[in-house]
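Residue strings, one per chain:
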Amino acid sequence: MEQEVRAAEEEPMILADNLVKIYKTAELEVLALQGLDLKVERGELLAIIGNSGSGKSTFLNMLGGLDTPSAGKLFVDGKNLFTMTEKQLVEYKRDTVGFVWQNNARNLLPYLSALENVMTPMQFGAEKNKKERALKLLDLVGMSHKKSNRLSQLSGGEQQRIAIAIALANSPKLLLADEPTGSVDRKTADYILDVFRHLNRDEGQTIVIVTHDVALSRQVQRVIAIRDGKFSSERILKEQYSLEGAAAVNWQEEDTQEEFSIIDRAGRIQIPKDMLEEAGIMDNKLRMEVKDGKIVLEKV
């Protein structure tokens, strides 16, 4: 048993292999994910960025057990989401993942206090000291002083901080956040990111964030860009910024990350439209050759 636990802990938290998602209606077929590959190690804080309709929310919903792939493989914490029974899926959503939504109405029950909201998911889990843990989580997100307040007595930012506490109620191994700073001001957004950093750095929490927030994405160690249902590029935080104090950096303006293109299993890469336009490439043909160990692309 001990060996099985150790083996599971050595596996990546997320492993997506050639993931495909097709949505079908009577008149239309939409390819939301087109052979997506990704590995996320345990203890990573990862952001996923992309335009609306790129497939990022579809992927997040799959990780949360709210949607199923049409093809490919998806493992989270060693569990195969492609082959789960209904019972296993319920247990997975209860014990393995926590979800923070942009829409606070999906996180909180309006007729309960903040404390009662955080305790609610624990009714279905194994937590014994429910009130003690709920108070600890409210303190973690800086909301212990509002423990008796209901939804109508809280600002949007306060609701979002309580939503994070709710998502952590059953000690999930993976925390998912869908646009967690999308409806709050900059000060609150920075506070929410600080909470995520603390959870990741001090608690070892694996976190995946889908975001349009430029300042947030520039502060994360690793960012994956998704375009047309595929991961197209990866950004890694430059070393000097990982050592800088947050107050010393203009995260909105400074180029804090180094960007790399992702080559898929068929050897394809996606070239951003703005790069093609800057190079004056308007056609769909390129001349390609290797020069001095470099792959060079030239317009015809």
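What comes next concerns the included structure. All residue numbers refer to position in the chain's written sequence, counted from 1. Reporting in this predicted model follows two pLDDT cut-offs: at least 70 for local features of residues, and 80 or more for side-chain atom pairs to be given and counted; totals over whole chains, interfaces and linings ignore these cut-offs and use all residues. Hydrogens are left out, water is left out, and the side-chain values use all remaining heavy atoms of the structure.

Looking now at the environment of Ser-54. Among the structural elements, Ser-54 can be located in the loop between strand 3 (45–49) and helix 2 (56–63). Taking the C-alpha atoms as reference points, Ser-54 and Gln-252, 198 residues apart in sequence, are found 23 Å from one another. Pairs of residues are marked as contacts when any of their non-hydrogen atoms sit within 4.5 Å. Those residues in contact with Ser-54 that sit more than four places away from it in its chain are Ala-32, Ile-226, Arg-227, Asp-228 and Gly-229. A run of DSSP states H or I qualifies as a helix once it reaches four residues; a run of E qualifies as a strand once it reaches two. Both are numbered from the N-terminal end.

This brings us to the sheet that holds strand 3. One bridge is not enough; two strands pair if DSSP finds at least two bridges between them. The strand order across the open sheet built from seven strands is 6-7-8-3-9-10-11, with neighbouring strands paired in mixed fashion. The open sheet is flanked by strand 6 (97–100) and strand 11 (257–261), the only strands paired with a single partner. Pairs of neighbouring strands in the sheet enclose a mean axial angle of 20°, with direction left out of account. Pairing between strand 6 and strand 7 (residues 174–178): four bridges, direction parallel. Counted as the bridge partner of Gly-98 is Leu-175 from strand 7. For helices, the axis comes from a line fit to the C-alpha atoms of the stretch in contact; other axes are also lines fit to C-alpha atoms, and the angle between any two N-to-C directions lies between 0 and 180 degrees. This element, helix 2, spans strand 3, strand 6, strand 7, strand 8 (206–210), strand 9 (222–227) and strand 10 (230–237) of the sheet and lies at about 150° to strand 7. Against the sheet, helix 7 (residues 186–203) touches strand 3, strand 7 and strand 8, its axis set at about 150° to strand 8.

For the rest of this paragraph, the subject is the packing of aromatic side chains. Ring geometry is summarised as follows: Phe, Tyr and Trp rings, the Trp one being its six-membered ring, pair when their centres sit within 6.5 Å, and such pairs are stacked at plane angles under 30 degrees, edge-to-face over 60 and tilted between the two. Using the criterion set out here, one finds two aromatic pairs in the structure. Seen from their ring centres, Phe-59 and Phe-231 are 5.8 Å apart, and the 85° between their planes marks the pair as edge-to-face. With Phe-59 in helix 2 and Phe-231 in strand 10, this pair connects stretches of sequence that are 172 residues apart. For Phe-59, a relative accessible area of 1% corresponds to the buried category. Partly exposed residues are those whose accessible area sits between 20% and 50% of the maximum for their type, while under 20% is buried and over 50% is exposed, using a 1.4 Å probe and protein chains only. Judged by relative accessible area, Phe-231 falls into the buried class, the value being 8%. Taking 4.1 Å as the distance between ring centres and 5° as the angle between the ring planes, the aromatic pair formed by Phe-99 and Trp-101 counts as stacked.

The patch calculation keeps residues exceeding 30% relative accessible area without a salt bridge and links them within 9 Å when they carry like charges or within 5 Å when they are nonpolar (Val, Leu, Ile, Met, Phe, Trp, Tyr). Accessible surface is estimated by sampling points in the Shrake-Rupley manner with a 1.4 Å probe; for residues, cover comes only from the protein chains shown. Salt bridge, as used here: a side-chain nitrogen of Lys or Arg that lies within 4 Å of a carboxyl oxygen of Asp or Glu. Where nonpolar side chains cluster on the molecular surface, the patch consists of Leu-286, Met-288, Val-290, Ile-295 and Leu-297 and spans about 500 Å² of accessible area. When contributions to the nonpolar patch are tallied by element, the ones reaching two or more residues are strand 12 (286–291) and strand 13 (294–299). A total of three residues in the nonpolar patch trace back to one element, the largest contributor, which is strand 12. Relative to the assigned elements, Leu-297 resides in strand 13.

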